[in-house]
Amino acid sequence: MNKKNILSLLCLSLLMSACSSAYKIKPEQRQVSVPSNWRVASQNIAVEDNWLLQFNDPYLLTLVEKALGHNQSLLQQAYQVEIEEQRVKVSGASLWPSLDLSVRNSRTKSSSSISNTSSASLNLSYEVDLWGKLSAAQRQANLTYLAQKSNFAQAKQQLVADVVVAWFNNLSAQQLSALYQARVHNAEQNVDIIENGYQQGLNEALDVYLARNNLHSERSRLVQQQNLTLNTVRELERLLGEYPKGQLAINAEIPLLENSIPKGLPSELISRKPELIASWYQLLAKDAALAYAHKQRFPSLNLTASLSDSGETLSDVFSPSSLAWLLVGSVSAPLFNSGKLQANENIALLSLKQGEQQYLDALYSAFNTVESAISQESSLTARYQATLAARDNAVIAEQLAFEQYKTGLVTYTTVLDAQGRSYDAQSSLIELKNQLISNRVNLHVALGGDFSATNNITSDQ
């Protein structure tokens, strides 16, 4: 074997060893230690897709379908999925030869004559994917496309959740408006009774001023709540992709979720939650980007072929007797670029390591959301039961206080205090029921679906 062949083999050996030097995600980095059960759990569960059906409201389902078809933010993400799909096709095209046709026709005038020249050439070029550089670029584009599809799926789930939450926010706001209207009506009655009593010498002037002050406060609270109710309608209309007119008619009761959460780690959480799937694909895409950046430092093997001809007219072009052809194979390799390629590879490596932490952050955040939702459910349920008992007692206390005031046993401040406690308890019940639903919806989004237990709801208590 001569020195030339030995040198060639040595160079090839060095290049092949360099190909395997790129950083890769280690298998243990893809495995995350998580508890087998939630911290407050005892039973293992599965998740399903039908959580929206538990509310048993056809009109709500209609609004969700409308939002999925018209919400502008979701449609933007849908177009982005199509853009990434086209980028996959662009990256895949580099693996195939390209064929170009060039035709030229010119006419030149000199001092004594005019000459015509026509030429045509057919050029074929192809880069041999010797090191898998082009394949790495296509893999990155494909993984980015899959990540975008998962992001779109997550956006759809989040939009459904947002519509449901906005729907019940409006129902809650409507019930609070009705309650505040009742408070205004009750305050107006109190003013009439106390002013009549004052005119008869049964009440003091202080009671009159206190009653009037309470009436104005209730009217102010009602106006504020009516404006909040209008804003919840507009928010829902925007989610539906409509102009926020504030005219969407909503009429329903806020259900009380009676079923408890079957607590346990769903084995499908990691594999089915779109946000986590997207994060994983993004991590793999960065791994492919590192491979591409690493292989940019290797020689490129390009094959070109051309078929050309020229003549005085286009009819003379590509005449079999005068065709010219050219076949060229070329190898180009970067020798000196002031460390640019190495810096690009370092950037890709650091981006990959950053992506690993982003994936872990997304994973643990998902578990944290579920853990928090489970704990919040228990807290809200206990608060609701306590507030329900407080409301029942406050309503009775309100009635007794006013009866005793009319007989002179208590002052009017006692009546105002009792009424305030009663209305506050009723307001808290409405808000707590809405919070229970919002928390449950957030749990379904965190789980990527419903749990397999039967869901039961009941009407307002």
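Residues numbered from 1 in each chain as written. Predicted model: local features only at pLDDT ≥ 70, side-chain atom pairs only at ≥ 80, totals over all residues. Heavy atoms only, no water.

Engineer: Is there a simple way to explain the overall build of the chain in this structure?
Structural biologist: In terms of helices and strands, the chain carries 9 helices and 8 strands. Looking at the chain as a whole, 38% of its 461 residues qualify as buried. Taking the intrachain contacts of the chain between residues at least 6 apart in sequence as the baseline, contacts between residues at least 24 apart amount to 82%. Put simply, the chain shows about 25900 Å² of open surface, and 53% of that area lies on carbon and sulfur atoms. (Helix = DSSP H or I, 4+ residues; strand = E, 2+ residues; numbered from the N terminus. Buried < 20%, exposed > 50% of the residue type's maximum accessible area, 1.4 Å probe, protein only. Contact = heavy atoms within 4.5 Å. Areas by Shrake-Rupley, 256 points an atom, 1.4 Å probe, with all protein chains shown as cover.)

Engineer: Explain the packing of aromatic side chains here, please?
Structural biologist: Any aromatic ring pair is given by two values, namely how distant the centres are and how the planes are angled relative to each other. Summed over all chains, the structure comprises 6 aromatic pairs. Ring plane angle 70° and centroid distance 5.6 Å describe the contact between W131 and F298, whose orientation is recorded as edge-to-face. Here W131, found in the loop between β3 (114–128) and α4 (133–199), pairs with F298, found in the loop between α7 (274–295) and β5 (300–311); they are 167 residues apart in sequence, far enough to count as distant. An identical accessibility class is assigned to W131 and F298; each is buried. (Phe/Tyr/Trp six-rings, centres within 6.5 Å; stacked < 30°, edge-to-face > 60°.)

Engineer: Sorry if this is basic, but what is going on with the nonpolar core here?
Structural biologist: Note on soluble globular proteins: their nonpolar side chains tend to be buried together. One finds F55, V163, V164, W167, F168, L236 and V441 to be the most contacted residues of the largest nonpolar core, which totals 50 residues. For this core, the secondary structure elements donating two or more residues are α2 (58–70), α4, α5 (205–239), α8 (340–406) and α9 (412–447). Excluding anything up to four places from it in sequence, V163 contacts L60, L63, V64, A67, L236 and L239. L256, L388, L429 and L432 belong to the second largest nonpolar core, which has 7 residues in total. (Core = buried A, V, L, I, M, F, W, Y, C linked by side-chain atoms within 4.5 Å.)

Engineer: Explain the side chain of N170 here, please?
Structural biologist: As for its position among the elements, N170 is in helix α4. One polar contact links N170 to T232, side chain to side chain, over a distance of 2.8 Å. (Polar contact = N/O pair within 3.5 Å; in protein donor to acceptor, adjacent residues only side chain to side chain.)

Engineer: For this particular structure, what's the right way to read the pairing of strand β2 (residues 98–109)?
Structural biologist: Strand residues, when the strand is regular, have side chains that alternate between the two faces of the sheet. Counting buried residues in β2 gives 0 out of 12 residues, a small share hidden from the surface. As paired elements, β2 and β3 share 12 bridges and run antiparallel to each other. Directly across from L99, in β3, lies its bridge partner L124. (Pairing = 2+ DSSP bridges.)

Engineer: Just to check I follow, could you spell out a nonpolar patch on the surface for this structure?
Structural biologist: Where nonpolar side chains cluster on the molecular surface, the patch consists of L99, L101, V103, L122, L124, L307, W325 and L327 and spans about 830 Å² of accessible area. Elements with a minimum of two residues in the nonpolar patch: β2, β3 and β6 (324–332). Considering every element that reaches the nonpolar patch, the biggest residue donor is β2, with 3 residues. Mapping L307 onto the fold places it in strand β5. (Patch = residues over 30% accessible without salt bridge, like charges linked within 9 Å, V, L, I, M, F, W, Y side chains within 5 Å. Salt bridge = Lys/Arg side-chain N within 4 Å of Asp/Glu carboxyl O.)

Engineer: Just checking my understanding: could you explain the pattern of salt bridges for this structure?
Structural biologist: A side chain of one charge can pair with a side chain of the opposite charge if their charged atoms are brought near each other. Tallied over the entire structure, the rule returns 14 salt bridges. Measuring nitrogen to oxygen at the nearest pair gives 2.1 Å for the salt bridge that ties K66 to E242. You can see K66 sitting in helix α2 and its partner E242 sitting in the loop between α5 and β4 (256–257), a full 176 residues away along the chain. Assessed through its relative accessible area of 19%, E242 is described here as buried. Salt bridges sharing partners connect three or more residues here, namely R183, E218, R221 and D424.

Engineer: Teacher, can you tell me more about the environment of V441 here?
Structural biologist: One can find V441 in helix α9. As for V441 and V160, which are separated by 281 residues in sequence, their C-alpha atoms are 9.3 Å apart. Residue contacts for V441: discarding those within four places in its chain leaves W51, F55, A161, V164 and V165.

Engineer: Would you mind showing me how to read the confidence of the model for the chain here?
Structural biologist: Should pLDDT be low for a region, the predicted coordinates there are not to be read in detail. In the predicted model, the chain carries a mean pLDDT of 81, and 80% of its residues have values of at least 70. For residues 6–22, every residue scores under 50 in pLDDT, and the model assigns this stretch 12 contacts once sequence neighbours within four places are set aside. Below pLDDT 50 for its whole length, residues 38–48 participates in 49 contacts with residues either more than four positions away or in separate chains. (pLDDT = per-residue confidence, 0-100.)

Engineer: Looking at this model, I keep getting lost on the environment of K295. Mind explaining?
Structural biologist: Its place among the elements puts K295 in helix α7. Distance from K295 to L134, taken between C-alpha atoms, is 9.2 Å for residues 161 residues apart in sequence. In contact with K295, not counting residues within four places along its chain, are W131, G132 and K133.

Engineer: What is the right way to read the packing of α5 against α9 from this model?
Structural biologist: Pairs of packed helices are described in terms of their axes, by the angle between the two and the distance that separates them. Two elements in contact, α5 and α9, have axes whose closest approach is 10 Å; the angle formed by their N-to-C orientations is 20°. Taken together, the axes of α5 and α9 are roughly parallel relative to one another. Of the two possible hands of crossing, α5 and α9 adopt the one that is right-handed. Contacts between α5 and α9 pair D207, L210, A211 and N214 from the former with Y412, T413, L416 and Q419 from the latter. (Axes fitted to C-alpha atoms, helices over the stretch in contact; angles between N-to-C directions. Parallel < 35°, antiparallel > 145°, perpendicular 65-115°, else oblique. Left-handed = near helix turned anticlockwise from the far one by under 90°.)

Engineer: Help me understand α2, please; the structure alone is not making it clear to me.
Structural biologist: Residue pairs three or four apart in sequence face the same way in an α-helix, which turns once every 3.6 residues. Its 13 residues give α2 an end-to-end C-alpha distance of 19 Å, which sits within 8% of 18 Å, the value for a rise of 1.5 Å per residue. For α2, every residue scored as buried is listed here: L60, L63, V64 and A67. End-on, the buried residues of α2 take up no more than an arc of 100°, which puts them together on one face. Across from the buried face of α2, at angles greater than 90 degrees, the exposed residues are P58 and E65. Sitting at the amino-terminal end of α2 is D57, which places a side-chain oxygen 3.1 Å from the backbone nitrogen of Y59. (Expected span 1.5 Å × (residues − 1). Arc of directions from axis to C-beta.)

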